[in-house]
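This is what each chain is made of:
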Amino acid sequence: MAIPTDVLTAAAPALEGLDDGRRELFALRLERWWPDLRDGLAAVYPGAQDLPARLVAAAARAYAERDPELHRLDQQRTLAPDWFQQPRMLGYATYADRFAGDLAGVRGSVDYLRELGVTYLHLMPLLRPREGDNDGGYAVADYRRVRDDLGTMDDLRALATDLRRAGISLVLDLVLNHVAREHEWAVRARAGQQRYREYFHVYPTRTLPDAYEQTLPEVFPDFAPGSFTWDDDLQGWVWTTFHSWQWDLDWSNPEVFAELTDVVLHLANQGVEVLRLDAIAFLWKRMGTSCQNEPEVHAITQALRAVARIACPAVVFKAEAIVGPADLVHYLGTGRHHGKVSDLAYHNALMVHVWSMLASKDATLASHALRALPPIPATTAWVTYVRCHDDIGWAISDDDAAAVGLGGYPHRHFLSDWYAGLFPGSDARGLVFQHNAATGDRRISGTAASLVGLEAARAAGDPAWVDAAVARLLLAHAVVLGWGGVPVVWSGDELGMPNDPAWADEPGHSDDNRWAHRPRLDPAAAARRHDPEAVERRVFEGLQHLADVRASLPHLHASVASEVVGPDDPGVLTVVRRHPLGPLLAAYNVTPDWRPVPGWRLRELGLSSARDALTGEQAASGDDDNLWLAPWRAVWLA
């Protein structure tokens, strides 16, 4: 279908000063991505006739203003669209201030990141939030300003440039579902400007809020119950899914879409290469539902992505959708949205099952649940992780548990007890987060080191205990680095840092124990990564080694699916990746005992004489026709 004349006309003024080649390139991109933009908008805003032309005009302006170095990056990424699927990818996530003080400090720490092998740096919310409580920065008051204590937008642009030249992509959060009550749009709404009141869900009485809340789950039942807040200035109830000072945007209003499109293009032109679409599952509201994962969300994301592809194709989208497995794959595109939505999505299920396996010392449930996940488009990738800035919620379905002879509720209860250190024999030192007395749900906070028992082992001064905890920590990371996609290490985990004992002492943190697993990077601990006797060195070099080996294995390209087989032994998670060069078999012993991988499995895959890429040793079966794995041992056989 031809591009409408009004769309072409709208783009023309911004392109006038460009040479013929630049104008032709824009026209080719518009031709390529117009169907995705048109179809996405038509599914959500059929009556907004002028919206496509406005969006293409915005894309043309951003394209014309784009820095030459970013324009060259766009060309590189167009020629290599699988750049984020490559095995060399290794992510690192942190808060700028807790990692290095401010943006200038992060610039000074690029060599540290390169030493670890990082190619993808996710800096947690750094756009200007509201004063006081701000949900860790997710209550954004200004999308176009950096937090004052971190620097300026010029500092951010300089950091992005340094990172890009070092081969590291900058990742930032874009909060789509809500803004702070102090954001200009909310201020104008409270001042009586009808245009901006319509950016939010506002109700004069409790009638509709009460009806919606019949089916709405509470995200923070302890300190932010309910989903609506009365505002005297508005003289109405405003939708506040997360906190009373985070106002949900009304995405059924095309003006909201246009505003956030401008934000996407602005951040892209600062050098941001990956945008984490925060709370994306919540964008669309529909009576009688949980108001999560509605189909309009995927159409909205498809249209946003199409605009970005036209103006700045180096940029990719990452969906922050911590939802059930059946819903998760839709954020990477299924059906008519196949491969047209987000490029990356968090593999929350893998994270949950890593911790489940380590506690239960059994891979049966994980094998069943991970095998049941639908395939994702070959042009997309999972973001895999041992943990992140958030708590761990036990997203284990009753059906998956029942399929392997477990009760869903008892197993989730066991995991909470185990990682809170309440279960007999547990050496975990996690903290219970958001205990819901009505459902029994208890989420867990804690650094990876504290959850695997390293904190307790070091406090006890027991070398054997420390060895086992380090082995578990590296095993957990081996699983996520061996899955494909983009594995992300949370700051401090590369050094085995424990929970921050002073987490509650900082202003605004005392009611949120997730700050326990967001410690400031300890310079002394970082220095010990070069000390031959230090635990920090063992952990850091262990992760370095995993990243180096991963980068050498084409089998770990994200377009190759991970296929869970077995388990042939309940203590071993076994994953096959069938690459054209030949298969890779990854096996992970999640127990403190020696466990077998049967010889027939190796012969079936043609791996009888394969070498373990992690050690370089040939992995031969013994006299009993088994390959035996040491406790907490991983092998990657190729």
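Residues numbered from 1 in each chain as written. Predicted model: local features only at pLDDT ≥ 70, side-chain atom pairs only at ≥ 80, totals over all residues. Heavy atoms only, no water.

Caption draft 1: The arrangement of the overall build of the protein in detail. The secondary structure content of the protein amounts to 24 helices and 23 strands. For the protein, whose C-alpha radius of gyration is 25 Å, the value lies close to the compact-globule estimate of 26 Å for 638 residues. The buried share of the protein, reckoned over its 638 residues, is 61%. For the protein, contacts bridging at least 24 residues in sequence account for 72% of all contacts bridging at least 6. Distance between charge centres in the protein, computed from 60 positive and 85 negative side chains, equals 3 Å. (Helix = DSSP H or I, 4+ residues; strand = E, 2+ residues; numbered from the N terminus. Rg over C-alpha atoms; globule rule 2.2 N^0.38 Å. Buried < 20%, exposed > 50% of the residue type's maximum accessible area, 1.4 Å probe, protein only. Contact = heavy atoms within 4.5 Å. Lys, Arg positive; Asp, Glu negative; His and termini not counted. Charge placed at Lys NZ, Arg CZ, Asp CG, Glu CD.)

Caption draft 2: Structural context of the sheet that holds strand E17 (residues 486-490). Read around the barrel, eight strands follow the order E1-E2-E5-E11-E12-E13-E14-E17 and close on themselves; strand pairing throughout is parallel. Here the average twist between neighbouring strands, direction ignored, is 25 degrees. Both strand E14 (residues 381-385) and E17 contribute to a ladder of three bridges, which runs parallel. Looking at the pairing, Thr384 lines up with Pro487 of E17. (Pairing = 2+ DSSP bridges. Axes fitted to C-alpha atoms, helices over the stretch in contact; angles between N-to-C directions.)

Caption draft 3: Representation of helix H23 (residues 535-551) within the structure. Counted at 1.5 Å a residue, the expected span for H23 with its 17 residues is 24 Å, and the 24 Å between its end C-alpha atoms agrees. Those residues of H23 not exposed but buried are Val535, Glu536, Val539, Phe540, Gly542, Leu543, Gln544, Leu546, Ala547, Val549 and Arg550. Its buried side turned inward, H23 meets helix H7 (110-116), helix H20 (454-460), helix H21 (463-481), E17, helix H22 (523-527) and strand E23 (634-637). (Expected span 1.5 Å × (residues − 1).)

Caption draft 4: Geometry of the packing of helix H2 (residues 20-44) against helix H4 (residues 68-79). Taken N-terminus to C-terminus, the directions of H2 and H4 make an angle of 45 degrees; their axes are 14 Å apart at the nearest point. The orientation of H2 relative to H4 falls into the category oblique. Considering the relative orientation of H2 and H4, their crossing is left-handed. Contact with H2, carried on its side by Arg22, Leu25 and Arg29, involves His71, Asp74 and Gln75 of H4 and no other residues of that element. Its residues assigned to classes, the contact of H2 with H4 shows one nonpolar, two polar and three charged. (Parallel < 35°, antiparallel > 145°, perpendicular 65-115°, else oblique. Left-handed = near helix turned anticlockwise from the far one by under 90°. Nonpolar A, V, L, I, M, F, W, Y, C, P; charged D, E, K, R; others polar.)

Caption draft 5: Highlighting the sheet that holds strand E19 (residues 572-579). An order of E18-E19-E20-E23 is seen for the four strands of this open sheet, with the pairing classed as antiparallel. Edge positions in the open sheet fall to strand E18 (563-565) and E23, since each of these has one partner strand only. Each strand of the sheet is rotated relative to its neighbour by a mean of 20 degrees, with strand direction disregarded. With four bridges joining them, strand E20 (residues 582-589) and E23 adopt antiparallel strand pairing. By the bridge assignment for E23, Leu585 is matched with Leu637.

Caption draft 6: Representation of the side chain of Ser491 in the model. Following the sequence through the fold, Ser491 ends up in the loop between E17 and H22. We classify Ser491 as buried; its relative accessible area is 3%. Apart from residues no more than four positions distant in its own chain, Ser491 is found in contact with Tyr92, Ala93, Thr94, Phe99, Arg387 and Leu521.

Caption draft 7: Here's a closer look at the pairing of strand E1 (residues 91-94). A two-sided burial pattern is seen for E1, the buried positions comprising Gly91 and Ala93 on one face and Tyr92 and Thr94 on the other. Sheet topology note: the E1/E17 ladder contains three bridges and is parallel. If you follow Gly91 over to E17, its bridge partner there is Val488.

Caption draft 8: Seen up close, the packing of aromatic side chains. Under the counting rule described, the total for this entry stands at 26 aromatic pairs. For the ring pair Tyr203 and Tyr212, a centre distance of 6.2 Å and an interplane angle of 50 degrees mean the geometry is tilted. For the residue pair Tyr203 and Tyr212, the accessibility class agrees, reading buried in each case. Chaining the aromatic ring pairs together yields one cluster made of Tyr92, Phe99, Tyr112 and Phe540. Directly above the aromatic system of Trp33 lies the positively charged group of Arg32, at a separation of 3.8 Å from the ring centroid. A cation over a ring is seen here: Arg77 above Trp83, with NZ or CZ 3.5 Å from the ring centre. (Phe/Tyr/Trp six-rings, centres within 6.5 Å; stacked < 30°, edge-to-face > 60°. Lys NZ or Arg CZ within 6 Å of the ring centre and 35° of its normal.)

Caption draft 9: Seen up close, the pairing of E17. Burial analysis of E17 places five of its five residues in the buried class, the great majority of the element. Taking every second residue as pointing to the same face, both faces of E17 are buried, with Val486, Val488 and Trp490 on one and Pro487 and Val489 on the other.

Caption draft 10: Structural context of the environment of Gly485. Positionally, Gly485 belongs in the loop between H21 and E17. On the basis of relative accessible area, Gly485 is assigned to the buried category, the value being 2%. Taking C-alpha positions, Gly485 is 9.1 Å from Leu90, a pair spaced 395 residues apart along the chain. In this structure Gly485 touches Met89, Ala381, Trp382, Arg550, Leu556 and Ala558, once residues within four positions along its chain are discounted.

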